[in-house]
Amino acid sequence: MTQDRCRGCRDLIPDEMLKFRLAESVFIDTTLKWGYEEVRTPVLEYLHLFTSTGTLTPGMLGQVYSFLDWDGWSGERVVMRPDGTIPIARLFIDNLTDRDVARLFYVINIFRFENDPLINRERWQCGAELIGGNSPLADAELLRMGLEVLELLGLNVRVSISHSGVIQAILAQLEPNSEVRHHIFDQILDGNQAVLSELKDKHPGLMAGLELLLNVTGASAEYLANIKSLFTYSDELKNAADSFGNTLDMLDSLGVAYDIDLASGRGFEYYTGIIFHFTVEGKAVGGGGRYDNLIGLMGGERRPAAGYALYLDEIMNHIDVSEYSLDEPDRFLINFAPGDEAQAFSVATDLRDADYTAEIKMGDPNVQEYDWVLNITDEGLLILSDTETDEEFEFDSIDELIEMLGGEASEE
């Protein structure tokens, strides 16, 4: 008989946790080397954090887990965090505004309601946020760092890049009504490009140009040239295209390969500049972008900012653990007679202090899963068996055993 777990949530069994910890440790090691500091935010946040600033598109907002946190007579609606960046922006406003530049990273789970049973509702992600950084340089740093993590994990990554400012500047030429334009932009970010068909009758020429840009990928030079030739080059579009071009030039100078794919710019409404996605074998494994208005919209002093998240659940599907040489300590199984529990625990503690793994025998374990079996005799002797060769060694004390193995015995 089995017990069903909550729909959309997952268990992580030992083999999966090995991949999870591998990806997490590579991410943490890499971000620490790039000068980032770890932070953690609560699972629950107030709903207004995600609604009052228009930080989520209507499609995303419809996916949040929301309920009333009943506190006496004045309950407040809360959500299980659907995103990592907005809580980090709140954390920055609450705690770190004295910093000119804040480099922060996190490993968290997020929650989004999904009707598709094949899509997880609980997802794990690790992310990095650079608040206060110069735009093209910060964009390039974040993208290059995320790419480095994925490459260290042995993944063959494709990078696609879009730009929120370019999309919005082009839409401004199609639809003068800002409210309607806002709705169209939300629909594009939610992946509903069909909404663009409503504009075809009004602006067939411009729509043909926009659809061309949305449907064709390219490299920097010809793609930006298309923007200039297909649309009226307004100040808004010029500024957005210049910002896009500056970041692309920076990536070119760093040797980062990418495809410009304007249609890949879906996601969160708070993005204001470059948006990038990482894919492996057609599956999204991460993404991020620039959100210069978010902190100001949430009540903080306006700061330029950008960040990305890597999707651990999908990354785990692409990790081949056999390709990694995991530095695991020798593993001991400690066998003893009834009444010798205290000595068994003492011996196990000494082995752990010497950086070995030691388990007290329970049940009927497979000894071949251990490097050594240590039997404690009635006379207090220690009989050590090599599970690979069946060779045995006898010791009067645990210090002698550890010294023979080349470890350092505890001084106590």
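Quantities reported herein were computed from a predicted structural model and do not represent experimental measurements.

1. Brief notes about the overall build of the protein
Phase 1 of the analysis: Along the protein, the regular secondary structure elements total 14 helices and 16 strands.
Phase 2 of the analysis: In the protein, buried positions account for 48% of the 412 residues.
Phase 3 of the analysis: By sequence separation, contacts in the protein at least 24 residues apart represent 67% of the contacts at least 6 residues apart.
Phase 4 of the analysis: Looking at the protein as shown, the accessible area adds up to about 20700 Å², and 48% of this sits on carbon and sulfur atoms.

2. Points about the packing of helix H1 (residues 14-33) against helix H5 (residues 135-152)
In a packed pair of helices, the relevant descriptors are the angle between the two axes and the axis-to-axis distance.
Phase 1 of the analysis: For the pair H1 and H5, interaxial distance at closest approach is 9 Å and the crossing angle is 140°. Between H1 and H5, the crossing angle belongs to the class labelled oblique. Crossing of H1 over H5 shows right-handed handedness. Facing H1, whose interface residues are Val26, Phe27, Thr30 and Thr31, H5 presents Met145, Glu148, Val149 and Leu152.
Phase 2 of the analysis: A per-class count over the contact of H1 with H5 returns five nonpolar, two polar and one charged.

3. Some thoughts on the pattern of salt bridges
Note on pairing: side chains with opposite charge can pair once their charged atoms come close.
Phase 1 of the analysis: Enumeration according to the criterion identifies 15 salt bridges in this entry.
Phase 2 of the analysis: Taking the shortest distance from any N to any O, the salt bridge between arginine 144 and glutamate 151 comes out at 3.8 Å.
Phase 3 of the analysis: Looking at arginine 144, the relative accessible area reads 25%, which means it is partly exposed.
Phase 4 of the analysis: Residue glutamate 359 pairs with arginine 331 through a salt bridge whose shortest N-O separation is 2.8 Å. Here the residue glutamate 359 occupies a position in strand S13 (residues 357-360), and arginine 331 occupies one in strand S12 (residues 331-335), the gap between them amounting to 28 residues.
Phase 5 of the analysis: What you see here is one network of salt bridges that share partners, running through Arg10, Glu16 and Asp313.

4. Section: the state of the cysteines
Phase 1 of the analysis: If you walk through the whole model with that rule in mind, you get zero disulfides.
Phase 2 of the analysis: Not engaged in a disulfide, the cysteine cysteine 9 finds its nearest cysteine sulfur in cysteine 6; these two sulfurs lie 5.3 Å apart.
Phase 3 of the analysis: Residue class for cysteine 9 comes out partly exposed when judged on its relative accessible area of 26%.

5. Thoughts on a nonpolar patch on the surface
Phase 1 of the analysis: On the surface, Val43, Leu44 and Phe67 cluster together into a nonpolar patch covering about 220 Å² of accessible area.
Phase 2 of the analysis: As for its position among the elements, leucine 44 is in strand S2 (residues 44-46).

6. Section: the confidence of the model for the protein
Do not read the fine detail of predicted coordinates wherever pLDDT is low.
Phase 1 of the analysis: A residue-level look at the protein finds 82% of positions with pLDDT of 70 or above and a mean pLDDT of 85.
Phase 2 of the analysis: Confidence, read as mean pLDDT per element, is least for helix H8 (residues 204-215) in the protein (64) and greatest for strand S1 (residues 37-38) (98).

7. A word on the sheet that holds strand S11 (residues 305-311)
Phase 1 of the analysis: Read from one edge of the open sheet, eight strands run S1-S5-S6-S11-S10-S9-S7-S8, paired in mixed fashion. Only two strands of the sheet have a single partner each, and these edge strands are S1 and strand S8 (259-260).
Phase 2 of the analysis: In this sheet, strand S10 (residues 283-290) lies alongside strand S9 (residues 274-280) in antiparallel orientation, the contact comprising six bridges. Directly across from valine 280, in S10, lies its bridge partner lysine 283.
Phase 3 of the analysis: Lying over the sheet, helix H6 (residues 164-174) contacts strand S7 (158-163) and S9, oriented at roughly 40° with respect to S7.

8. What to know about the nonpolar core
Phase 1 of the analysis: Among the nonpolar cores identified, the biggest contains 57 residues, and Phe27, Leu153, Ile161, Phe278, Leu310 and Ile315 are the most heavily contacted of them.
Phase 2 of the analysis: If one sorts the elements of this core by residue count, H5 sits on top with eight residues.
Phase 3 of the analysis: Leave out the neighbours within four places in its chain, and phenylalanine 27 touches Phe105, Tyr106, Val107, Cys126, Gly127, Ala128, Val149, Tyr308 and Leu310.

9. Some words on the packing of aromatic side chains
Phase 1 of the analysis: Under the counting rule described, the total for this entry stands at six aromatic pairs.
Phase 2 of the analysis: With a centroid separation of 5.5 Å and an interplanar angle of 90°, the aromatic rings of phenylalanine 20 and tryptophan 124 are classed as edge-to-face. Within this pair, whereas phenylalanine 20 is found in helix H1, its partner tryptophan 124 is found in strand S6 (residues 122-131), the two being separated by 104 residues in sequence.
Phase 3 of the analysis: Looking at tryptophan 124, the relative accessible area reads 25%, which means it is partly exposed.
Phase 4 of the analysis: Cluster of aromatic residues (ring-pair linked, three or more members): Phe332, Tyr356 and Trp372.
Phase 5 of the analysis: Between arginine 331 and the ring centre of tyrosine 370, over which it is positioned, the NZ or CZ distance is 4.6 Å.

10. A few points about the pairing of strand S14 (residues 372-376)
Phase 1 of the analysis: Burial within S14 is extensive, with four of its five residues counted as buried.
Phase 2 of the analysis: The pairing of S12 with S14 spans four bridges and is classified as parallel. Bridge pairing in S14 places phenylalanine 332 opposite tryptophan 372.
Phase 3 of the analysis: Bridge count between S14 and strand S15 (residues 382-386): five bridges; the pairing is antiparallel. When the sheet's bridge partners are listed, isoleucine 376 is paired in S15 with leucine 382.

11. Quick notes on the sheet that holds S14
Whether parallel or antiparallel, the strands of a sheet pair through hydrogen bonds between backbone atoms.
Phase 1 of the analysis: Reading across the sheet, the five strands line up as S13-S12-S14-S15-S16 and stay open at both edges, with mixed pairing between neighbours. Where the open sheet ends on each side, the last strands, each with one partner, are S13 and strand S16 (392-395). The mean angle between the axes of side-by-side strands here comes to 25°, regardless of whether they run parallel or antiparallel.
Phase 2 of the analysis: Each of S12, S13, S14 and S15 touches helix H13 (residues 341-353); the most contacted strand, S13, lies at about 165° to it.

Procedures and definitions
Residues numbered from 1 in each chain as written. Predicted model: local features only at pLDDT ≥ 70, side-chain atom pairs only at ≥ 80, totals over all residues. Heavy atoms only, no water. Helix = DSSP H or I, 4+ residues; strand = E, 2+ residues; numbered from the N terminus. Buried < 20%, exposed > 50% of the residue type's maximum accessible area, 1.4 Å probe, protein only. Contact = heavy atoms within 4.5 Å. Areas by Shrake-Rupley, 256 points an atom, 1.4 Å probe, with all protein chains shown as cover. Axes fitted to C-alpha atoms, helices over the stretch in contact; angles between N-to-C directions. Parallel < 35°, antiparallel > 145°, perpendicular 65-115°, else oblique. Left-handed = near helix turned anticlockwise from the far one by under 90°. Nonpolar A, V, L, I, M, F, W, Y, C, P; charged D, E, K, R; others polar. Salt bridge = Lys/Arg side-chain N within 4 Å of Asp/Glu carboxyl O. Disulfide = S-S within 2.5 Å. Patch = residues over 30% accessible without salt bridge, like charges linked within 9 Å, V, L, I, M, F, W, Y side chains within 5 Å. pLDDT = per-residue confidence, 0-100. Pairing = 2+ DSSP bridges. Core = buried A, V, L, I, M, F, W, Y, C linked by side-chain atoms within 4.5 Å. Phe/Tyr/Trp six-rings, centres within 6.5 Å; stacked < 30°, edge-to-face > 60°. Lys NZ or Arg CZ within 6 Å of the ring centre and 35° of its normal.

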